[in-house]
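# Structure at a glance
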Amino acid sequence: MKRIILALILSLPLLSSCGIYSFSGTSIHSDTKTICIPYVEYKALRVNPSLSNDMTEALQDKFRKLTSLEQVDMDGDLELVCEITGYDVQATAVTADEVAAQNRLTVTVKVVFTNKKYPEEDVDKSFSAYEDYDSTQSLDAVEAGLCESIIDKLCEDIFNATVAQW
């Protein structure tokens, strides 16, 4: 048993010295030190005045908590540019009276991720996430909670596609 523990302890430096794996699940090269996450632009037709700010803060917070990258205002080793391109509500379930029983709020974000040191890891992709809500409730009444949940999902997907490379 002592040999197993000793072998594990001795192998930890080998895991961390390769510089590309971390226990948070990221695949960031050891020579990559900075990231630039500018303000998320809002380009959707339907307006949500706080969504850009909330999305920007959530992305910056996610990268701050799960990576050791320094966040810079410009010229980072990595750059994550996002824009909200869709903010839509649609009926998802219709009753026998042809009345919506449930609605779905969907947010779409276009992401351009640039890795200046390893351009083969660049990502240019759109991500969507949604939440359903009962049609007896107004969007105004549930919007903040729905958006919070949608932002969490989007940030997770964006993080995984960029630095976790899943």
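Before going into details, it helps to say that this report is about the structure given with it. All of these numbers come straight from a predicted model, not from anything done at the bench.

Turning our attention to a negative patch on the surface. Among the surface-exposed residues, Asp54, Glu57, Glu148 and Asp152 lie close enough to one another that they form a single negatively charged patch. Within the residue set of the negative patch, elements represented by two or more residues are helix H2 (51-66) and helix H3 (139-162).

Using the criterion set out here, one finds eight salt bridges in the structure. Here Asp61 ties to Lys65 by a salt bridge, and the two come within 3.2 Å at their closest N and O atoms. Of the two residues, Asp61 and Lys65 both sit in helix H2, four residues apart, roughly one turn of that helix. You can call Lys65 exposed: its relative accessible area is 63%. The salt bridge involving Arg104 is made with Asp132; its shortest N-O contact spans 2.7 Å. Remark: Asp132 occurs in strand S6 (residues 123-134) and Arg104 occurs in strand S5 (residues 100-115); sequence separation between them is 28 residues. Relative accessible area serves as the criterion here: at 25%, Arg104 is assigned to the partly exposed category. Judged by its relative accessible area of 28%, Asp132 falls in the partly exposed class. One connected set of salt bridges, linked through shared partners, spans Glu41, Lys43 and Glu83.

Reading the values: rules and limits
- Residues numbered from 1 in each chain as written.
- Predicted model: local features only at pLDDT ≥ 70, side-chain atom pairs only at ≥ 80, totals over all residues.
- Heavy atoms only, no water.
- Patch = residues over 30% accessible without salt bridge, like charges linked within 9 Å, V, L, I, M, F, W, Y side chains within 5 Å.
- Areas by Shrake-Rupley, 256 points an atom, 1.4 Å probe, with all protein chains shown as cover.
- Salt bridge = Lys/Arg side-chain N within 4 Å of Asp/Glu carboxyl O.
- Lys, Arg positive; Asp, Glu negative; His and termini not counted.
- Charge placed at Lys NZ, Arg CZ, Asp CG, Glu CD.
- Helix = DSSP H or I, 4+ residues; strand = E, 2+ residues; numbered from the N terminus.
- Buried < 20%, exposed > 50% of the residue type's maximum accessible area, 1.4 Å probe, protein only.

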